[in-house]
Amino acid sequence: MPPRFKEFYKPVPTSREVRQRRLSHERQLRSLQREQVFMGKRLCFRTPQESETESEYEFTPSDTTEIISGLKSTKHDVRVSSLTSLSTRLERPSEEVRNFIQDQGVELLIGFLNSTDADEKLQSLWCLTNIAAGEPGIAQTALAAVPYLLALLSSEDAEIQNQAIWAVGNLAAEGESARNQLFANGVLNPLVNVVMNTTDSTLLQTACFALSNMARMPNSYFNRLFDMDVPQSIARQLVQFKDDMGCVTELAWVCTYLTAASNSHQIDQIMATGAIETFLSCATKSSDIANTALIPIIRTLGNIAAGTDAQTHSLVSQEKFVQLLVRSIEKTSSRAIEKESLWVLSSVTAGSKADVNTMVNAGIITDLARIIEKQNFDLKKEAAYSLLNIAIVGQRISDLPNRDLVPEFVEFVNSQDVELVRMGIQYIALLFEQLPDRQGPELLRGVAGGIDALENQVAVTDDDNARSILSALIDDFYAEGSM
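Basis of the calculations
- Residues numbered from 1 in each chain as written.
- Predicted model: local features only at pLDDT ≥ 70, side-chain atom pairs only at ≥ 80, totals over all residues.
- Heavy atoms only, no water.
- Axes fitted to C-alpha atoms, helices over the stretch in contact; angles between N-to-C directions.
- Helix = DSSP H or I, 4+ residues; strand = E, 2+ residues; numbered from the N terminus.
- Parallel < 35°, antiparallel > 145°, perpendicular 65-115°, else oblique.
- Left-handed = near helix turned anticlockwise from the far one by under 90°.
- Contact = heavy atoms within 4.5 Å.
- Nonpolar A, V, L, I, M, F, W, Y, C, P; charged D, E, K, R; others polar.
- Phe/Tyr/Trp six-rings, centres within 6.5 Å; stacked < 30°, edge-to-face > 60°.
- Buried < 20%, exposed > 50% of the residue type's maximum accessible area, 1.4 Å probe, protein only.
- Salt bridge = Lys/Arg side-chain N within 4 Å of Asp/Glu carboxyl O.
- Core = buried A, V, L, I, M, F, W, Y, C linked by side-chain atoms within 4.5 Å.

Draft legend 1. Seen up close, the packing of helix α15 (residues 230-240) against helix α18 (residues 275-284). The geometry of α15 relative to α18 is characterised by a closest axis approach of 9 Å and an angle of 30° between their N-to-C directions. What the angle tells us is that α15 and α18 run roughly parallel. Between α15 and α18 lies a crossing of left-handed hand. Facing Ala235, Leu238 and Val239 of α15, the residues of α18 in contact are Ala275, Thr278 and Phe279. Here the residues of the contact of α15 with α18 are counted per class, giving five nonpolar, one polar and no charged.

Draft legend 2. The packing of aromatic side chains, seen in detail. If you walk through the whole model with that rule in mind, you get six aromatic pairs. The interplanar angle of 20° and the centroid separation of 4.1 Å between the aromatic rings of Phe409 and Tyr427 together place this pair among those described as stacked. In this pair, Phe409 is assigned in helix α26 (residues 402-414) and Tyr427 in helix α27 (residues 418-434), connecting sequence segments 18 residues apart. Exposure remark for Tyr427: the relative accessible area of 1% places this residue in the buried category. Residues Phe477 and Tyr478 carry aromatic rings whose centres are separated by 5.0 Å and whose planes lie at 90° to one another, so their mutual orientation is edge-to-face.

Draft legend 3. Spatial organisation of the pattern of salt bridges. What the rule picks out here adds up to 18 salt bridges. Across the salt bridge formed by Glu174 and Lys41, the nearest N and O atoms sit 2.1 Å from each other. Of this pair, Glu174 sits in the loop between α10 (158-172) and α11 (176-184) while Lys41 is found in the loop between α2 (15-38) and α3 (48-51), placing the two residues 133 residues apart along the sequence. Between Glu419 and Arg422 there is a salt bridge, and its shortest N-O distance comes to 2.9 Å.

Draft legend 4. Expanded view of unusual backbone geometry. In this chain, Met217 is followed by Pro218 through a cis amide linkage whose omega measures 0°. Mapping Pro218 onto the fold places it in the loop between α13 (201-214) and α14 (222-227). Unusually for a residue other than glycine, Asp229 sits at a positive phi of about 60°. Along the chain, the position of Asp229 falls in the loop between α14 and α15. In this structure Asp229 comes out as partly exposed when scored by relative accessible area, which is 37%. Positioned with a positive phi, Gln395 is a non-glycine residue whose angle comes to about 50°. Mapped onto the elements of the fold, Gln395 is located in the loop between α25 (377-392) and α26.

Draft legend 5. Structural view of the nonpolar core. Counting 153 residues, the largest nonpolar core has Phe279, Phe321 and Tyr427 as its most contacted members. Considering every element that reaches this core, the biggest residue donor is α27, with ten residues. When near neighbours in sequence (up to four residues on either side) are disregarded, Phe279 contacts Leu238, Val248, Leu251, Ala252, Cys255 and Ile297.

Take a look at the structure:
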């Protein structure tokens, strides 16, 4: 290999740079799915028997008049029936329903929050929950109810308390302004108090849903969550409810948001609670654990793995962490789980050589190679990060099944994805540089169109550094005596 080649070769970024890149990648590509599917707003649906056929026809102005009349009726049963009917319409609101809510609906509903009648209060909360779960133009109107919701977060009626917390959770998902308004109204203290002290599974799940949304960034109070010992509360409740996967899932989502925005010291605080060990025990005690529970657990682990080398090593030192990661990549039938796990692995393999060796000894290379060979490009890319890290950080290029991998990385070079092209070039450069006896050029020569891919790319790339690397590779491929 000509000495000048190392000057052209662009090495893999430092572990810190890799982790920052992966965190940014996660935030950009996963946030929409995360917010819409897992931690976004949640509608409160009625059973078919309760809703009957009310949502099957368009809400008309005459229906609005009827609803208003019913809400103002002197008869209790009529008021409750009107509230029930309105909550059903809010599951899939028509334009007329939207106009009614924005005009006077929320004001009428707030009036019921001061009612002494539990049924009216509950049905009004149900309506506000679904309003808060709606599109921004409608959801914003429910913010007027925040001071009234606050008083109900500590209600002695568990059903009313749960519904009020649910409404707050939906409002917290509305955005930074809504979260800060909730915080300014004092929502955080009673909400954390519920998470800390409740012994009711349903209430804990709803409170964690709301707290997760409150923990979303951006907000103005994130450090207060640590001042209030939220990580410790999560750890204690996790021990109490470790056999309730609904609770485990919601507790994991709180940790996901806490670890996503925490500094190094705060990550250490979370790890010191023992919650991570409990999550790992929950995730590995059964091979058929639901994906809905695995995703927040794995994402929490990924946020920690993207921290310091010491934090990453603390994870890798736990047998259950390695077991979960290998199993999630090896046996999962879920693309989401596989992709999340590959993201975690890319951070782990960007750490220390010892941690890379631990994952390699666990047999991860075989599964990474399988993904590179057989999966779609999004998963191929995720697996490629780890393979390159194993080759560079772990200095184990010779342990990779290179004869099988070369055709796939040549395909990367031919792709239209700039990052895939970069990784394809990087892998081939490693082969040329680190394998002895000119094995690298020979491996490339065994791939149909291999050198053509490099020559085509050097002609079209706008990246001067990539052009230099490609030119050096092509020169070395055709070096005297190599044929």
